[in-house]
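Analysis of the macromolecular model
Now for the letters of each chain:
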Amino acid sequence: MKIVILPGDGIGPEIIAQAVRVLEALNSDGMKFEMETALLGGCAVDVTGNPYPEETRKLAMEADALLLGAVGGLKYDMLSRDKRPEQGLLSIRKDLNLFANLRPVFLYSELVGASTLKPEIISGLDILIIRELTGDIYFGEPRGIKLSDNKQRIGLNTMVYSEAEIYRIAHVAFQVARKRNKKLCSVDKMNVLECSQLWREVFEDVSKKYPDIELSHMLVDNAAMQLILNPKQFDVIVTGNMFGDILSDEASMLTGSIGMLPSASLDDKNKGLYEPIHGSAPDIAGKNIANPLATILSVAMMLRYTFGQERAAIRIENSVKVVLAKNYRTRDICEVGMKEVGTVEMGDAILTNL
Ligand code: NAD
């Protein structure tokens with residue numbers, strides 16, 4: 001089981017170090033993970049001038065799974081777009097054809113008080129957001145900043161989905177919904193966008209093959225509102241790249257902190273890149289206060305989706321639950337009366353309870 005570890009930038013190396021300790025603990029319990037570390041993002045730009053160096057690409061191609069911290073940082077914002085850390089991430093997703101991004105939005109009962117929403121709105125929350133990851137306006141051509149006929153600069157991006165891309169993500173969404181509560185909500189903007197109209201037509205077509213799944217559609221503006229008003233109405237949400245980017249960050253706040261949410265980005269053979277949904281958090285980097293739980297929970301997703309090691313995945317998730325029940329909290333989820341711990345101490349607590 002070959003895993004490439006990509007610590008990245010900002011808090012990336014700190015949170016990845018704790019997740020690697022979990023993998024090492026499982027190795028000493030008889031699992032056989034081979035780990036190799038590689039550069040992606042700003043740290044790769046610093047060393048090679050390229051956010052996605054060839055050596056990383058080679059290792060990524062050979063790996064079964066990848067574990068990423070996060071990429072990005074202020075010092076890279078001035079670079080041309082192709083040299084920015086985020087470009088490294090977009091390139092590796094595209095290169096490995098990781099088109100299905102799964103983002104569980106699960107509220108640990110111990111963290112009900114850490115959310116800004118009322119307990120009765122969020123307690124028991126368990127949603128899965130599926131975001132298409134390799135198409136849409138983030139990749140569509142033409143794009144750029146150009147001069148118009150009357151010599152004004154125009155910013156241009158193109159929202160585009162082929163029906164093949166929509167069919168592919170639709171099948172993943174229906175199959176995932178089948179393993180949960182058999183309710184799938186597809187989010188689009190078909191009242192104004194032709195791209196969304198095609199999205200909806202394809203979902204209607206695919207739904208004929210999954211008669212046991214209840215498919216509904218929702219416009220993205222309404223979905224943004226419903227996630228706050230009544231989030232428990234959802235089970236599985238599926239949407240395109242840009243809408244999914246925004247809605248999943250919004251949904252993360254239902255659970256108290258962005259530092260709690262893992263994600264998986266899968267190809268059609270369950271090879272995956274696993275990462276917390278947050279960024280490199282430069283504001284807290286190097287202070288030993290970042291929450292490593294989203295990254296540790298990303299390891300659990302890796303064990304489940306790529307390696308089929310359900311028991312080991314549950315062991316990790318249970319350890320997180322026990323640690324929270326014992327009131328260990330990093331600063332982002334800490335409430336009065338809880339034990340505030342740093343990144344490393346949270347890693348210690350997870351290992352002790354694994
Ligand atoms: P961010 O997710 O890094 O941070 C947003 C807020 O959440 C900050 O206040 C941060 O301190 C907090 N936060 C994030 N992760 C946390 C954790 N584990 N524990 C505690 N608090 C945490 O988003 P941003 O500030 O908009 O972006 C910072 C950089 O990250 C940018 O360069 C951006 O491009 C990049 N980014 C990378 C990814 C990725 O690598 N997948 C995703 C989003 C943003």
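The model shown is predicted, which means the values in this text are computed figures rather than measured ones.

Observations concerning the site of the ligand
Residues in close proximity to the ligand total 20 residues, the closest being Val71, Glu86, Gly279, Ala281 and Asn291. Contacts to the ligand include His278, whose side-chain N or O atom sits 3.1 Å from a nitrogen atom. About the coverage of the ligand: the protein hides 67% of its 810 Å² of free accessible area. For the shell around the ligand, the per-class residue count stands at nine nonpolar, seven polar and four charged.

Concerning the nonpolar core
The biggest cluster of nonpolar side chains holds 85 residues, and the ones touching the most others in it are Leu67, Ile130, Leu184, Phe203, Met260 and Leu303. A per-element tally of this core places helix α10 (residues 293-305) first, with eight residues. Taken domain by domain, this core gets at least three of its residues from each of domain 1 (1-101 + 262-354) and domain 2 (116-255). Ignoring any residue separated from it by four or fewer positions in sequence, one finds Met260 in contact with Tyr108, Leu111, Asn291, Leu293, Ala294, Leu297, Val320, Leu324 and Ile333. The next biggest cluster of nonpolar side chains, apart from the first, holds 16 residues, and it includes Val4, Val71, Ile92 and Leu98.

Comments concerning the environment of Leu254
Structurally, the position occupied by Leu254 is in the loop between α9 (241-252) and β11 (262-266). Judged by relative accessible area, Leu254 falls into the buried class, the value being 0%. Sequence separation between Leu254 and Val323 is 69 residues; the distance between their C-alpha atoms is 20 Å. Among all residues touching Leu254, those that are not within four sequence positions of it are Leu107, Ser115, Leu117, Ile122, Leu125, Leu227, Ile228 and Pro231.

Brief notes about the side chain of Ser115
For Ser115, the location among the structural elements is in the loop between β4 (100-106) and α5 (119-122). A polar side-chain atom of Ser115 sits 3.4 Å from the main-chain carbonyl oxygen of Met253. Apart from residues lying up to four places away in sequence, Ser115 is in contact with Ile122, Met253, Leu254 and Gly256.

Each value, and the rule that gives it
- Residues numbered from 1 in each chain as written.
- Predicted model: local features only at pLDDT ≥ 70, side-chain atom pairs only at ≥ 80, totals over all residues.
- Heavy atoms only, no water.
- Near = heavy atom within 4 Å.
- Polar contact = N/O pair within 3.5 Å; in protein donor to acceptor, adjacent residues only side chain to side chain.
- Areas by Shrake-Rupley, 256 points an atom, 1.4 Å probe, with all protein chains shown as cover.
- Nonpolar A, V, L, I, M, F, W, Y, C, P; charged D, E, K, R; others polar.
- Core = buried A, V, L, I, M, F, W, Y, C linked by side-chain atoms within 4.5 Å.
- Buried < 20%, exposed > 50% of the residue type's maximum accessible area, 1.4 Å probe, protein only.
- Helix = DSSP H or I, 4+ residues; strand = E, 2+ residues; numbered from the N terminus.
- Domains from an automatic or database assignment.
- Contact = heavy atoms within 4.5 Å.

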